[in-house]
Amino acid sequence: MKYYSTNGKAPIADLHKAVVKGLAEDRGLYMPERINKLPQEFFDNIEKMSFQEIAYTVASAFFGEDVEPEALHDIVYDTLQFDCPVVNVKDDIYTLELFHGPTLAFKDVGARFMARLLQYFIKQENNHKEVNVLVATSGDTGSAVANGFLGVDGIHVYVLYPKGKVSPIQECQFTTLGKNITAIEVDGVFDDCQALVKNAFMDAELNEHMKLTSANSINVARFLPQAFYYFNAYARMKEQGKADNLVMCVPSGNFGNICAALFGHQMGLPIKRFIAANNANDIFYNYLQTGKYEPKPSKQTLANAMDVGDPSNFARIYDLYGKSHAKITSLISGATYSDEQIKETMRECYKASGYILDPHGACGYQALVDGLQPGEVGVFCETAHPAKFKEKVDEILGIDVEIPERLANFMKGTKQSVEMSKDFADFKAYLLKQ
Ligand SMILES: *Cc1c(COP(=O)(O)O)cnc(C)c1O
C-alpha cells in the first residue's frame, strides 16, 4: 500500500517509511491511497468472531500487502492482550470501555501496535542500529508510548515531561519502568519539552550519531489500529441484536480516535452516524456549524487530554471526504461541553446508573443523552479509567474511586528520571553521550 501526504507536496511513501517517519516531508499526514472494503460475508458473521480475529481481518485490509501474514498475526494478538468490552450504562446508551490496557487509556492500543510494527520494520533493515524514540508528553501520551514500547528489542524510548506539571499517577506510569525507557524531567513546561524534541529531529550531528524517530499520535501505525475496537463494538452489539441503528460517539481532542472509526466506516462498518464530543475546545464543532476551520489556542479543561486548539487529524477527515463540508456534516455531528456541564453529567450518570464516568467519557455520554434519536442505539467511548483522574472524580462525585491493581502497581515502583534543563545544548550533550 502506498501512502500520500494530506499536503500533497511530499513523495509517496510505503508503509515502512510512513511508520518510521511519522510525518511527511511537507509536514502533512500520511493517508493510505486506498481503503479496502471488507466483504459482506465478514459483516454477516462478525458476531461469531473474537476481538482478535476481527482485528486481524481489519489489520490485513490495511497492512496485509506490507507485512507477512504470520508477523501481522503476532503483532495484532500481542497488541490486544486485553479486552475492549461494550457495557450498557442506561436505556439505549452503551459505553465502549477502552481503558482495560496497561495504562488505562485507549492510547494503549495504538501505542502497542506501533511499537511492534516499528520493531518489525527495523529488523528488516540491513545492519540495523538501535532506534531511539523521542516523545514529549503532558501526561497521557508518555505513559501509553512508554508502556507500549516497554521491553521491545532494538528500540529505546526517551519520554520528556515537564517537571512538577504531570499528576503523580501519570508520572509513575513512565518513570518507574526502567529497561528500555528513560524518563527525562525537564525544568520547564510542555512546550519546552516539545521544542527539545523538535530541535533534536532537526539537528544534523545528532541524527548522524543516533537513529531518531517519533511516536506521535499522527503516525499511521498508531491511529489506524484504533479501528479494531469499533468493529468489535459493532460485533458485540450485533450479538445482542442492537446493531441496526448504531450511533458512535467519540470524545475527541486531536481527532485520531474518531478518524480511525471513520476509516472503519469507509471499510463498510455499518455505523449509521457519528458524534464528535468536545470539551470547551470547540474548533471542530464550530467547523460543523459554519464550514470554517479556525484553530484557536487550547483552553485548559477538566478533560485535559482533549485540550487541543488545532486538531491534527482534521486534515485526514477533510481529505477523506474530499474537503466537502456537506459530506462531513451528513455523517458527523458535534457537541461541546463546559467544565460545569461535565461535572453535572458525571453526577447525573452516577446517580442514574451507578456508572462512574471520567471527564472525557462524560462528554461522550452527554452527547448521546442530548443527541440520540428514537430508534437509535448509542455507543460512546470511555477513553480512560476514572481512577486516572482520581482527585477530580472523587471531588466531583464525593466518592473514593477504587484504584485498579495495575495502576496501583505503577505507584509502588521507584521513580527513575534524568533531570534536564530546557536548554537544547544540554539535551544534545546528553544524547551524544548515549
Ligand atoms: C488522547 C485522549 C483523548 C482524545 O483522543 P484523540 O484521538 O486525540 O481525539 C480523549 N480522552 C482521553 C482520555 C485521551 O487520553
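Predicted model only: the values in this text are computed from it and were never measured.

K.L.:
What is the right way to read the state of the cysteines from this model?
P.N.:
Covalent bonding between the sulfur atoms of two cysteines defines a disulfide. Taken as a whole, this structure holds zero disulfides when the rule is applied. No disulfide involves Cys249; its sulfur sits 7.9 Å from that of Cys381, the nearest cysteine. For Cys249, a relative accessible area of 0% corresponds to the buried category.

K.L.:
Even after reading the chapter, I still don't get the environment of Gly378, so can you show me in this structure?
P.N.:
Note that Gly378 resides in strand E13 (residues 377–382). Overall, Gly378 belongs to the buried group, its relative accessible area being 0%. Measuring from C-alpha to C-alpha, the distance between Gly378 and Asn245 comes to 8.4 Å, with 133 residues separating the pair along the chain.

K.L.:
I keep staring at the side chain of Thr213 and nothing clicks. Help me out?
P.N.:
On the secondary structure map, Thr213 appears in strand E9 (residues 211–214). Apart from the residues within four sequence positions on either side, Thr213 is in contact with Val20, Leu118, Val131, Asn132, Val133, Leu134 and Phe201.

K.L.:
It is not clear to me how the sheet that holds strand E6 (residues 131–136) should be interpreted in this structure. Could you clarify?
P.N.:
In a beta sheet, neighbouring strands are held together by backbone hydrogen bonds and run either parallel or antiparallel to one another. Reading across the sheet, the five strands line up as E9-E6-E7-E8-E14 and stay open at both edges, with parallel pairing between neighbours. Each having just a single partner strand, E9 and strand E14 (418–420) make up the two edges of the open sheet. Each strand of the sheet is rotated relative to its neighbour by a mean of 30°, with strand direction disregarded. With four bridges joining them, E6 and E9 adopt parallel strand pairing. Each residue of the ladder has a partner; that of Leu134, found in E9, is Ser214. The sheet strands contacting helix H5 (residues 107–124) are E6, strand E7 (155–162) and E9, and the helix crosses E7 at an angle near 140°. Contacts between helix H20 (residues 424–432) and the sheet are confined to E6, E7, strand E8 (181–186) and E14, with E14 contributing the most and set at about 145° to the helix.

K.L.:
Explain the domain arrangement of the protein here, please?
P.N.:
How big an interface is tends to be stated in terms of accessible area lost as the parts join. Per the domain assignment, the segments making up the protein are domain 1 (85–105 + 225–402) and domain 2 (108–222 + 412–432). Between the C-alpha centres of domain 1 and domain 2 there is a distance of 28 Å. In this assembly, 18 residues from domain 1 lie in contact with 15 residues from domain 2. Taking both sides of the interface into account, the surface hidden between domain 1 and domain 2 amounts to around 1,400 Å²; carbon and sulfur atoms contribute 54%. Among the residues of domain 1 in contact with domain 2, Thr103, Pro225 and Lys388 are the three that bury the most area, contributing 39% of the side total. Applying the counting rule to domain 1 against domain 2 returns one salt bridge. Between Asp140 and Lys388 there is a salt bridge, and its shortest N-O distance comes to 3.2 Å. Across the domain 1-domain 2 interface, the total number found is five residue pairs in polar contact (both at pLDDT 80 or more). Its residues placed into classes, the side of domain 1 that touches domain 2 shows nine nonpolar, six polar and three charged.

K.L.:
What should I look at first to understand the pairing of E7 in this one?
P.N.:
Every regular strand shows the same layout, with side chains that alternate between the two sheet faces. With eight of eight residues buried, E7 lies mostly within the body of the structure. Burial along E7 is two-sided: the residues Ile155, Val157, Val159 and Tyr161 and His156, Tyr158, Leu160 and Pro162 are all buried. As defined by bridge partners, E6 adjoins E7 across six bridges and the pair is classed as parallel. Counted as the bridge partner of Ala136 is Leu160 from E7. Chirality of the crossover, the property in question, places the unit of E6, helix H6 (residues 140–149) and E7 among those that are right-handed.

Definitions and limits used
Residues numbered from 1 in each chain as written. Predicted model: local features only at pLDDT ≥ 70, side-chain atom pairs only at ≥ 80, totals over all residues. Heavy atoms only, no water. Disulfide = S-S within 2.5 Å. Buried < 20%, exposed > 50% of the residue type's maximum accessible area, 1.4 Å probe, protein only. Helix = DSSP H or I, 4+ residues; strand = E, 2+ residues; numbered from the N terminus. Contact = heavy atoms within 4.5 Å. Pairing = 2+ DSSP bridges. Axes fitted to C-alpha atoms, helices over the stretch in contact; angles between N-to-C directions. Domains from an automatic or database assignment. Buried area = accessible area lost by both parts, 1.4 Å probe. Salt bridge = Lys/Arg side-chain N within 4 Å of Asp/Glu carboxyl O. Polar contact = N/O pair within 3.5 Å; in protein donor to acceptor, adjacent residues only side chain to side chain. Nonpolar A, V, L, I, M, F, W, Y, C, P; charged D, E, K, R; others polar. Right-handed = clockwise from strand over helix to strand, strands pointing away.

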